[in-house]
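# Fold and contact review
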Amino acid sequence: MRKLILGFYVSLDGKSADGDNGIRDVMMGIDDAEQEEYFVSRLWEAGAFVMGRKTYEILAEYWPNADHPSAKPMNEIPKVVFSRTLKTADWPETRIAGGDTAEEIAKLKAEPGKDLVACGGTEFMHSLIKLGVVDEYRLWVLPAVTGKGAPLFPELDEALKLRLVKSTAFPLGILELCYVPADK
């Protein structure tokens, strides 16, 4: 059975790159070839990317014509966009999942192949976290504090206990922290 991995860049204070809080500028300003190569290798480990409609529209406009090391995996690896309103998906290797999110994720996990990687905005990530369908949290922590912006994690009814399974530090201060639910 495939896992669903939530991958996301965050600031040290847990704010996402969603919105205009400066974290995207931090991301783009770090020129760490080692981290970039590692990140691209992690992308190639995905069997499919899952995302919400808003993220799909942004990425589908950018990646097909991008000249960036991440462009090849982003364009070639299958994508599943979760939307009840989107009727067509023109970005190659994309299909639309329009049903119940938890049921659709369960179907995707049951398919053969490599793990699923959720990418996108906090609204979609929050829905996955609240549904309890995330098997691994892969956080790319940037060496910056924003003091504002959307938090990666939503308000929860009870604590989400996690266990660190891997950490990788890169020369210019980016950390990859991989957590799984503590009960798994």
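Residues numbered from 1 in each chain as written. Predicted model: local features only at pLDDT ≥ 70, side-chain atom pairs only at ≥ 80, totals over all residues. Heavy atoms only, no water.

Moving on to the overall build of the protein chain. From N to C terminus, the protein chain includes 6 helices and 8 strands. Along its sequence from the N terminus, the protein chain presents helices and strands in the succession β-α-α-β-α-α-β-β-α-β-α-β-β-β. Over its C-alpha trace the protein chain gives a radius of gyration of 16 Å, about what one expects of a compact globule, namely 16 Å for 184 residues. Each of the three principal axes of the protein chain carries a C-alpha extent, and together these read 45 × 40 × 30 Å. When the 184 residues of the protein chain are sorted by exposure, 47% land in the buried category. Once local pairs closer than 6 in sequence are excluded, the contacts in the protein chain between residues at least 24 apart make up 72%. Mean positive and mean negative side-chain charge positions of the protein chain (22 and 29 charges, respectively) differ by 5 Å. (Helix = DSSP H or I, 4+ residues; strand = E, 2+ residues; numbered from the N terminus. Rg over C-alpha atoms; globule rule 2.2 N^0.38 Å. Buried < 20%, exposed > 50% of the residue type's maximum accessible area, 1.4 Å probe, protein only. Contact = heavy atoms within 4.5 Å. Lys, Arg positive; Asp, Glu negative; His and termini not counted. Charge placed at Lys NZ, Arg CZ, Asp CG, Glu CD.)

For the rest of this paragraph, the subject is the sheet that holds strand β8 (residues 175–181). The strand order across the open sheet built from 8 strands is β4-β3-β2-β5-β1-β6-β8-β7, with neighbouring strands paired in mixed fashion. Looking along the sheet, the strands with just one partner apiece sit at the ends: β4 (94–97) and β7 (162–169). Across the sheet, the axes of successive neighbouring strands diverge by a mean angle of 25°, strand direction being ignored. On top of the sheet, helix α2 (residues 33–43) reaches β1 (4–10), β2 (48–52), β6 (136–141), β7 and β8; it is set at about 160° to β6, its chief contact. The sheet strands contacting helix α6 (residues 122–131) are β1, β2, β3 (79–82), β5 (116–118) and β6, and the helix crosses β1 at an angle near 140°. (Pairing = 2+ DSSP bridges. Axes fitted to C-alpha atoms, helices over the stretch in contact; angles between N-to-C directions.)

Attention shifts here to the side chain of Glu 104. Among the secondary structure elements, Glu 104 is positioned in helix α5 (residues 101–110). Apart from residues no more than four positions distant in its own chain, Glu 104 is found in contact with Phe 82, Ala 97, Gly 98 and Gly 99.

The next thing to look at is the pattern of salt bridges. Taken as a whole and assessed by the stated rule, the structure comprises 12 salt bridges. The residue Lys 3 makes a salt bridge to Asp 115 at a minimum N-O spacing of 3.9 Å. Residue Lys 3 is found in the segment before β1, and its partner Asp 115 is found in the loop between α5 and β5; the two are separated by 112 residues along the sequence. The salt bridge partner of Arg 42 is Glu 176, with a shortest N-O separation of 2.9 Å. You can see Arg 42 sitting in helix α2 and its partner Glu 176 sitting in strand β8, a full 134 residues away along the chain. Classification of Glu 176 by relative accessible area gives buried; the value is 0%. (Salt bridge = Lys/Arg side-chain N within 4 Å of Asp/Glu carboxyl O.)

For the rest of this paragraph, the subject is the nonpolar core. Among the nonpolar cores identified, the biggest contains 25 residues, and Phe 49, Met 51, Leu 59, Trp 63, Met 74, Trp 91 and Trp 140 are the most heavily contacted of them. Of all the secondary-structure elements, those providing two or more residues to this core are β1, α2, β2, α3 (53–62) and α4 (71–76). Top contributing element to this core by residue count: α2, with 3 residues. If we skip the residues at most four places from it in the chain, Trp 140 touches Phe 8, Tyr 9, Val 10, Gln 35, Tyr 38, Phe 39, Arg 42, Phe 170, Ile 174, Leu 175 and Glu 176. Counting residues in each nonpolar core, the second largest holds 24 residues, with Phe 8, Ala 97, Tyr 137 and Leu 139 among its members. (Core = buried A, V, L, I, M, F, W, Y, C linked by side-chain atoms within 4.5 Å.)

Positioned with a positive phi, Glu 93 is a non-glycine residue whose angle comes to about 65°. Topologically, Glu 93 is positioned in the loop between β3 and β4. Note on Glu 93: relative accessible area 45%, which makes it partly exposed.

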